[in-house]
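# Architecture at a glance
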Amino acid sequence: MVNRILIRIKVVQMLYSYLLTRSEFKIDATPETTSKDKKYAYAVYLDLIFLVLELSGLRFKRSDDSMSPTIDVDRLIAGNRVGKALFDNDTIKAIILRGGASVEGFDSLLQDLSDAMVKSSAYRDYKKIKNPGLADDVRFWLTVINTIIAKDERVVAVMRQNEAFTIVGFNTGVRQISDTLTSYQDSRMTYVNAGRELKASLDKAYELYYSLFVLMMELTREQALRLDNAKTKYLATNEDLNPNTRFVDNRFIARLENNEDLKAYLEQHPVSWTDEPSLIRSLLDRILESKIYDDYMNAPADDYAADCDFWRNILRAVILPSDDLAEALETKSIYWNDDLPIMGTFVIKSIKQFASSPDENVRFLPQYKDSEDEAFGPEIFRYAVENRETYRSYIDRFINSSQWDPERLAFMDIVVMIAAIAELINYPAIPVPVTMNEYIEIANSYSTSRSGQFINGILFSIVRYLNDEGIISKN
């Protein structure tokens, strides 16, 4: 019921937010200062980073074009994510390419340091963790750097060979790499939180589906209360005393009140509009003033099908287009205004199902059609994040630099295309036109007026390239 159209929209929204704010590693830049301590601290900082790489079993080309040595690395340490994440960092890669990895002086110490790590209490504590998470990986290396590497007299002796050595600079460099590792932990938590936020946004969309049914029930209750109050007026009219109760006696609403699915959902997820009395009043007034209401109350036919049709028509013409509802949704959930058109469509479909099953307990639509749909959003998000640099390279390959500056493209366009490429590559069963059309529509809604046409052209070229390279096989 939370269909792939809405899932794609949510993925793009979360991906935009995540990519806009993320920073994988906060690798310190070369200091622009004449301070001897700060310059030396930066040299220590880089040395410690490359020591982490080597002690993780990762090899790289050094400044003299030789490869870093091979050492025996414990399997658990080799599987730690920190070294690999540092190694994949673009800034670190650039430093290696510039020949900035010059830690040859530590070669004779590497195996001893590796062995000392395995014998340490930090390793024993780390090994006890059944499924170490990122925080555990980072904590392990922070402890190793501060209690083993930085405290090893032989490491300090190598550091002292630099004529710029100062104790202040050495300690500052150790603190800098500690801050960098902590920044990675914070960034990865941002990624984890973005995934949780994606799930929460999809759960809230499903809540809106139920909330619209609850809204119809509360509008009915408000009118029943008005009718009861009118009977007690001092100068009650005959109409007040004998009102037309067709609206409050609507059989569709009565079935909602007793629906088992709705009761079960509300027990787990209490939903109410009682905190929006002005919305209830304004919507009810507009319903009572509408021609739909007038025709319904005076129609000769009085049956269950007509009761269902009334609420479908009221939803389409009065409730869903309401500015007051849009404003109320904005205060209830930051997601709901974007969700309303799609969820409203599903509510109308459900009412139609109620109308066609007058004698059965109608089941509400499930949140997802199947397990594949449930996994679709998180998977697209993960593919997009993990492969964003590769996908961005595909985009840049086909941008006409004489017409478009790659650095000045609308960021939302880039995000939309990265998500689209993730789907094109990783979901061979989804036809290319379906993927392209869906993301072009998202771009038209969330980006610039030219975005749809631009994205269509770029994605078309990317699809052709991916097919030619054998990365995908579909048209």
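The model shown is predicted, which means the values in this text are computed figures rather than measured ones.

### Regarding the overall build of the chain
Of the regular secondary structure elements, the chain holds 23 helices and zero strands. Over its C-alpha trace the chain gives a radius of gyration of 31 Å, far above what one expects of a compact globule, namely 23 Å for 475 residues. The principal-axis extent of the C-alpha atoms belonging to the chain is close to 105 × 50 × 45 Å. Looking at the chain as a whole, 47% of its 475 residues qualify as buried. The long-range fraction of contacts in the chain, counting pairs at least 24 apart against all pairs at least 6 apart in sequence, stands at 80%. When the accessible surface of the chain is totalled, it reaches about 23,800 Å², and 48% of it is carbon and sulfur. The centroid of the 56 positive side-chain charges in the chain is displaced by 4 Å from the centroid of its 71 negative side-chain charges.

### Brief notes about the nonpolar core
Membership of the largest hydrophobic core comes to 108 residues, with the highest contact counts inside it found for Tyr209, Phe252, Ile287 and Trp311. Sorting elements by how many residues they give to this core places helix 10 (residues 167-231) first, with 17 residues. Non-local contacts of Tyr209, meaning those with residues more than four positions away in its chain, are made with Met1, Met343, Phe346, Val347, Ser350, Phe364 and Leu365. By size, the runner-up hydrophobic cluster in this structure holds 49 residues, among which are Ile92, Met159, Phe170 and Tyr184.

### Brief notes about the pattern of salt bridges
Inspection of the entire model under this criterion finds 23 salt bridges. A salt bridge links Asp137 to Arg81, with the shortest nitrogen-to-oxygen separation between them at 2.7 Å. One end of the pair, Asp137, is in helix 8 (residues 134-149); the other, Arg81, is in helix 4 (residues 81-87), and 56 residues separate them in sequence. We classify Asp137 as buried; its relative accessible area is 1%. Using a relative accessible area of 37% as the deciding quantity, one classes Arg81 as partly exposed. Residues Arg312 and Asp309 are paired through a salt bridge, measuring 3.2 Å at the closest nitrogen-oxygen approach. Placement of both Arg312 and Asp309 in helix 16 (residues 304-319) is noted, with a separation of three residues, approximately one turn of the helix. Residue Asp309 is classed as partly exposed on the basis of its relative accessible area of 33%.

### Concerning the packing of aromatic side chains
Tallied over the entire structure, the rule returns 31 aromatic pairs. Ring centres 5.8 Å apart and planes at 55° place the aromatic pair Tyr394 and Tyr465 in the tilted group. With Tyr394 in helix 20 (residues 388-397) and Tyr465 in helix 23 (residues 451-468), this residue pair connects regions lying 71 residues apart in the sequence. Overall, Tyr394 belongs to the buried group, its relative accessible area being 11%. Positioned above the aromatic ring of Phe376, the side-chain terminus of Arg4 is 4.3 Å from the ring centre. For the cation-ring pair, Arg246 lies above Tyr296, with the distance from its terminal atom to the ring centre recorded as 4.3 Å.

### Let's talk about the packing of helix 2 (residues 36-55) against helix 8
Contact pair helix 2 / helix 8: the axes reach a minimum separation of 12 Å and the direction vectors enclose 110°. Classified by the interaxial angle, the pair formed by helix 2 and helix 8 is roughly perpendicular. Contact residues: helix 2 offers Leu48, Leu51, Val52 and Leu55, while helix 8 offers Trp141, Ile145 and Ile149. Per-class residue counts for the contact of helix 2 with helix 8 are seven nonpolar, no polar and no charged.

### Concerning helix 23
For helix 23, spanning 18 residues, the distance from its first C-alpha to its last is 26 Å, which sits close to the expected 26 Å at 1.5 Å a residue. By the burial criterion, the buried members of helix 23 are Ser451, Gly452, Phe454, Ile455, Ile458, Leu459, Ser461, Ile462, Val463, Tyr465 and Leu466. Looking at the buried residues of helix 23, the elements they touch are helix 20, helix 21 (411-426) and helix 22 (432-446). Gly470, located one to two residues past helix 23, shows a positive phi value of around 75°.

### Some remarks on the environment of Ser120
Among the secondary structure elements, Ser120 is positioned in the loop between helix 6 (110-119) and helix 7 (121-128). At a separation of 3.1 Å, a polar atom in the side chain of Ser120 contacts the main-chain amide nitrogen of Tyr123.

### Re helix 21
With 16 residues, helix 21 should cover 22 Å at 1.5 Å per step; its first-to-last C-alpha distance of 23 Å lies within 8% of that length. The buried fraction of helix 21 amounts to 13 of the 16 residues, a majority that puts the element mostly inside the structure.

### Observations regarding the environment of Glu389
With respect to the helices, strands and loops of the structure, Glu389 is situated in helix 20. Separated by 155 residues in sequence, Glu389 and Tyr234 have C-alpha atoms that sit 74 Å apart.

### Quick notes on the side chain of Ser350
As for its placement among the helices and strands, Ser350 is situated in helix 18 (residues 336-356). Sequence-distant contacts of Ser350, that is, excluding residues within four places in its chain, are made with Tyr209, Phe213 and Leu365.

### Quick look at the side chain of Asn259
Position of Asn259 among the secondary structure elements: in the loop between helix 12 (251-257) and helix 13 (260-268). Among the polar contacts made by the side chain of Asn259, one reaches the main-chain carbonyl oxygen of Val362 at a distance of 2.8 Å. Non-local contacts of Asn259, meaning those with residues more than four positions away in its chain, are made with Phe354, Asn361, Val362 and Phe364.

Reading the values: rules and limits
- Residues numbered from 1 in each chain as written.
- Predicted model: local features only at pLDDT ≥ 70, side-chain atom pairs only at ≥ 80, totals over all residues.
- Heavy atoms only, no water.
- Helix = DSSP H or I, 4+ residues; strand = E, 2+ residues; numbered from the N terminus.
- Rg over C-alpha atoms; globule rule 2.2 N^0.38 Å.
- Buried < 20%, exposed > 50% of the residue type's maximum accessible area, 1.4 Å probe, protein only.
- Contact = heavy atoms within 4.5 Å.
- Areas by Shrake-Rupley, 256 points an atom, 1.4 Å probe, with all protein chains shown as cover.
- Lys, Arg positive; Asp, Glu negative; His and termini not counted.
- Charge placed at Lys NZ, Arg CZ, Asp CG, Glu CD.
- Core = buried A, V, L, I, M, F, W, Y, C linked by side-chain atoms within 4.5 Å.
- Salt bridge = Lys/Arg side-chain N within 4 Å of Asp/Glu carboxyl O.
- Phe/Tyr/Trp six-rings, centres within 6.5 Å; stacked < 30°, edge-to-face > 60°.
- Lys NZ or Arg CZ within 6 Å of the ring centre and 35° of its normal.
- Axes fitted to C-alpha atoms, helices over the stretch in contact; angles between N-to-C directions.
- Parallel < 35°, antiparallel > 145°, perpendicular 65-115°, else oblique.
- Nonpolar A, V, L, I, M, F, W, Y, C, P; charged D, E, K, R; others polar.
- Expected span 1.5 Å × (residues − 1).
- Polar contact = N/O pair within 3.5 Å; in protein donor to acceptor, adjacent residues only side chain to side chain.

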